[in-house]
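Coordinate analysis (summary)
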Amino acid sequence: MPTNSPSLRELVYIFIAGMLSTTLVLSIFVASGALTYEQDPGPRPIHTVTVHPKPRPTVPTTDPTPTKGPNPTKPPTASERSKATAKPNPINTEAAPKPRRPVPTRASRVASDESQPITNAPKEYARSVMTNAQFSCFSSVISRESGWDINATNPSSGAYGLGQALPGFKMASAGSDWRTNGVTQVKWVLGYMNSRYGSPCGAWEFWRSHSWY
């Protein structure tokens, strides 16, 4: 039985067809590779995009406690402008004057004679507790009785002091210091004149007629 073996020509055709097929496949492969190379040129540079966050609107906080002071939207007044532009007062380096000693009035001398008796000024005290007319009469009697000497003593009768009290210790009713305090003696003599003659001028009228009272 004869075998159907390909002839040399057919083999050549087959070989050529195979070569063509191979060439075609390689061409397609190379073409596809070139196309891929052209389409994919390689890794592209990465561009970094920095995204900045949008600033949040600030909400002003309100203080519940109202602040003192002028309204910032209100224009300053004339007094405020004058205070702002006023120059500070220079520091006074001079010594402050010493306060003057207050001069006691007649009423204050009368009110304070109990606590601070004017032992060395019986005449001033007598002038401060009576009118000028009554003091003139009072002084006329005292000048003739003792010459305003609180220690005057009558050697014969023992009468003592400004008003020549007899005995002298009767003046203790006006104060225990009747021997040395002229104010105490004035108090006693004035009380004696008022009770016996109604006033110093009444005592003076009696003295002018009798040279004693």
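Heads up: these notes are all about the structure in this document. In this text, all values refer to a predicted model and were calculated from it rather than measured experimentally. (Residues numbered from 1 in each chain as written. Predicted model: local features only at pLDDT ≥ 70, side-chain atom pairs only at ≥ 80, totals over all residues. Heavy atoms only, no water.)

Broken down by element type, the protein chain carries seven helices and zero strands. Looking at the protein chain residue by residue over its 213 residues, the buried ones come to 22%. Considering only intrachain contacts with a sequence separation of at least 6, the fraction spanning at least 24 residues in the protein chain is 41%. Within the structure as shown, the protein chain displays about 17,300 Å² of accessible surface, and the carbon and sulfur contribution to it stands at 59%. (Helix = DSSP H or I, 4+ residues; strand = E, 2+ residues; numbered from the N terminus. Buried < 20%, exposed > 50% of the residue type's maximum accessible area, 1.4 Å probe, protein only. Contact = heavy atoms within 4.5 Å. Areas by Shrake-Rupley, 256 points an atom, 1.4 Å probe, with all protein chains shown as cover.)

Another aspect to go through is the pattern of salt bridges. Counted by the stated rule, this structure contains one salt bridge. In this structure, glutamate 205 and arginine 208 form a salt bridge, with 3.6 Å as the shortest nitrogen-oxygen distance. Within this pair, glutamate 205 and its partner arginine 208 are both found in helix α7 (residues 200-210), separated by three residues, close to a single helical turn. By relative accessible area, arginine 208 is classed as exposed at 53%. (Salt bridge = Lys/Arg side-chain N within 4 Å of Asp/Glu carboxyl O.)

This part takes up helix α5 (residues 132-145). Spanning 14 residues, α5 covers 20 Å between terminal C-alpha atoms, matching the ideal 20 Å at 1.5 Å per step. What α5 keeps buried is the set Phe135, Cys137, Phe138, Ser139, Ser140, Val141 and Ile142. At its buried positions, α5 is contacted by α4 (122-128), α6 (182-197) and α7. Following α5 by one or two positions, glycine 147 has its phi on the positive side, about 65 degrees. (Expected span 1.5 Å × (residues − 1).)

Attention now moves to the state of the cysteines. When the sulfur atoms of two cysteines share a covalent bond, that bond is a disulfide. What the rule picks out here adds up to one disulfide. Between the sulfur of cysteine 137 and that of cysteine 201 lies a disulfide, 2.3 Å long from S to S. Because the torsion about its S-S bond is 80 degrees, the bridge between cysteine 137 and cysteine 201 counts as right-handed. Placement of the pair is cysteine 137 in helix α5 and cysteine 201 in helix α7, with a sequence separation of 64 residues. There is no split in this pair, since cysteine 137 and cysteine 201 are both buried. (Disulfide = S-S within 2.5 Å.)

Let us now look at the environment of alanine 172. Summarising the element assignment, alanine 172 is placed in the loop between α5 and α6. Exposure remark for alanine 172: the relative accessible area of 38% places this residue in the partly exposed category. Separated by 16 residues in the primary sequence, alanine 172 and tryptophan 188 have C-alpha atoms spaced 8.5 Å apart.

What is shown is where atoms sit, not what they do.
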